[in-house]
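# Observations on chain architecture
Read off the chains here:
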Amino acid sequence: MDALIISAKKIGLVIGALAIAFAAYFAGSFVWKQAVPTASNAGESNARVIHMVTGEFKAQLPDAQEIEAYRWDPGTIFVEKDEKVQLNIYGVNGQEHPFYIEGTDVKGVVKQGKETLVDVSFDKEGVYRLICTTHPDKASNGPMIAYIVVD
Ligand SMILES: [Cu+2]
């Protein structure tokens, strides 16, 4: 009789764990719908994910003039040659940041409150610039440029 009670408890635990796993799966699938894949080979399962955000620096000069600069954060990332990486860029500051990666055909848009996923790999070593075309330099509230170091 004791053994029966214990196994009934175990079954309860297993069912409980399954219920939690399903709940997590559904919650996860809801979150992932907000992600926006942009590059051609989206869905690389074995890619290393690198998280980035869009940020903004703001300051007031002594004459009350406001200055600001949009930035990718982190501003420098390191990647191995031929490594599959997925940039997961979350739009925090700024409505929209259209971008491209210099020397590649990778381009996309990061929108505020959304994640943009970019699957990339580089077959040549070098420093590649991730450039926002709305804020490419100081005159346009940048420079919004990140450096991808491939070696
Ligand atoms: Cu920008």
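Refer to the structure above for everything that follows.
Residues numbered from 1 in each chain as written. Predicted model: local features only at pLDDT ≥ 70, side-chain atom pairs only at ≥ 80, totals over all residues.

Strand pairing in a sheet takes place through backbone hydrogen bonds and is either antiparallel or parallel in direction. The strand order across the open sheet built from five strands is S4-S10-S9-S6-S7, with neighbouring strands paired in mixed fashion. Of all strands in the sheet, those with a lone pairing partner are strand S4 (76-79) and strand S7 (107-111), marking the two edges. Here the strands of the sheet are splayed against their neighbours by 25° on average, with no regard to which way each runs. Bridge count between strand S6 (residues 96-101) and strand S9 (residues 126-132): three bridges; the pairing is antiparallel. Looking at S9, one finds that phenylalanine 99 is bridged to cysteine 132. (Pairing = 2+ DSSP bridges. Helix = DSSP H or I, 4+ residues; strand = E, 2+ residues; numbered from the N terminus. Axes fitted to C-alpha atoms, helices over the stretch in contact; angles between N-to-C directions.)

Let us look at unusual backbone geometry. In this chain, aspartate 73 is followed by proline 74 through a cis amide linkage whose omega measures 0°. Along the polypeptide, proline 74 turns up in the loop between strand S3 (66-73) and S4. Looking along the chain, the bond that leaves glycine 142 and enters proline 143 is cis, with omega of 5°. Residue position: proline 143 is located in the loop between S9 and strand S10 (145-150). In this structure, alanine 64 takes a positive phi of about 75° despite not being glycine. Mapped onto the elements of the fold, alanine 64 is located in the loop between strand S2 (48-60) and S3.

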